[in-house]
Amino acid sequence: MKDIKILDKAQAAKRLQENPDFRLIMDCIESDIFTTFKNVNIGETEKLENVHALSHGFKLVNNQIAKYIELALFEARKNELSDE
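The shown structure was predicted, so the numbers you read here are calculated from the model rather than taken from an experiment.

1. Some words on helix α2 (residues 20–38)
Turning to step 1, where the next piece is worked out: Compared with the 27 Å implied by 1.5 Å per residue over 19 residues, the 27 Å span of α2 between its first and last C-alpha is a close match.
Turning to step 2, where the next piece is worked out: Capping the start of α2, Asn19 holds a side-chain oxygen 2.8 Å from the backbone nitrogen of Asp21, two or three residues further along.

See the structure below:
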């Protein structure tokens, strides 16, 4: 993948976060994961581990999107301070 600037990543991540279709699909995925979790029977360790992995992956995607935005804000603030 080509080298994408921090600001470009942040802008793309922000647009994604604000996109109603993306939010709808992410809500549906989260709901599906929770429904799957509720349907795991006691003792089904492998199924529980799989659902946990799905949940963890889902959380990581959301966290990474937020990190792209936070990093750009940090860089912008750092640049402001160095200009003063």
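2. Examining the nonpolar core
Turning to step 1, where the next piece is worked out: Residues Met26, Ile33, Val40, Val51 and Phe58 constitute the largest nonpolar core, which totals five residues.
Turning to step 2, where the next piece is worked out: Contributions of two or more residues to this core are made by α2 and α3 (45–83).
Turning to step 3, where the next piece is worked out: If near-sequence neighbours (up to four positions away) are discounted, Phe58 is found in contact with Met26, Ile29, Glu30 and Ile33.

3. A look at the pattern of salt bridges
Turning to step 1, where the next piece is worked out: Across all of its chains, the model carries two salt bridges by this definition.
Turning to step 2, where the next piece is worked out: Salt-bridge contacts for Glu18 lead to Lys14; the nearest nitrogen and oxygen are separated by 3.7 Å. Residue Glu18 and its partner Lys14 are located together in helix α1 (residues 6–18), separated by four residues, close to a single helical turn.
Turning to step 3, where the next piece is worked out: A relative accessible area of 47% means that Glu18 is categorised as partly exposed.
Turning to step 4, where the next piece is worked out: Glu44 is the salt-bridge partner of Lys47, the closest N and O atoms lying 3.5 Å from each other.
Turning to step 5, where the next piece is worked out: For Lys47, a relative accessible area of 48% gives the class partly exposed.

4. A look at the packing of α1 against α2
Turning to step 1, where the next piece is worked out: With their axes 5 Å apart at the nearest point, α1 and α2 run at an angle of 70 degrees to one another. Judged by the inter-axis angle, α1 sits roughly perpendicular to α2. On α2, the residues touching Leu16, Gln17 and Glu18 of α1 are Pro20, Phe22 and Arg23.

Reading the values: the criteria
The written sequence of each chain sets the order in which its residues are numbered from 1. Totals for whole chains, interfaces and linings use all residues, but because this is a predicted model, local features are given only for residues with pLDDT of at least 70 and pairs of side-chain atoms are given and counted only at 80 or more. Remark: hydrogens and water are excluded; side-chain values derive from all non-hydrogen atoms of the structure. Segments assigned H or I by DSSP are reported as helices when at least four residues long, segments assigned E as strands when at least two residues long, and all are numbered from the N terminus. To estimate the expected span of a helix, subtract one from its residue number and multiply by 1.5 Å. Pairs of N or O atoms are called polar contacts if they sit within 3.5 Å, as long as, within protein, a hydrogen donor faces a hydrogen acceptor (for residues adjacent in sequence, only side-chain-to-side-chain pairs). By convention a nonpolar core is built from buried Ala, Val, Leu, Ile, Met, Phe, Trp, Tyr and Cys residues, the set being connected through side-chain atoms within 4.5 Å. Accessible area is worked out with a 1.4 Å probe on protein chains only. A residue is then buried under 20% of its type maximum, exposed over 50%, and partly exposed in between. Residues count as neighbours in contact if any of their non-hydrogen atoms are within 4.5 Å of one another. Salt-bridge detection follows one rule: a side-chain nitrogen of Lys or Arg within 4 Å of a carboxyl oxygen of Asp or Glu. Angles shown run from 0 to 180 degrees and are taken between the N-to-C directions of axes, each axis being a line fitted to C-alpha atoms and, for helices, limited to the stretch in contact. With respect to orientation, any angle under 35 degrees is reported as roughly parallel, any angle over 145 as roughly antiparallel, any angle of 65 to 115 as roughly perpendicular, and every other angle as oblique.

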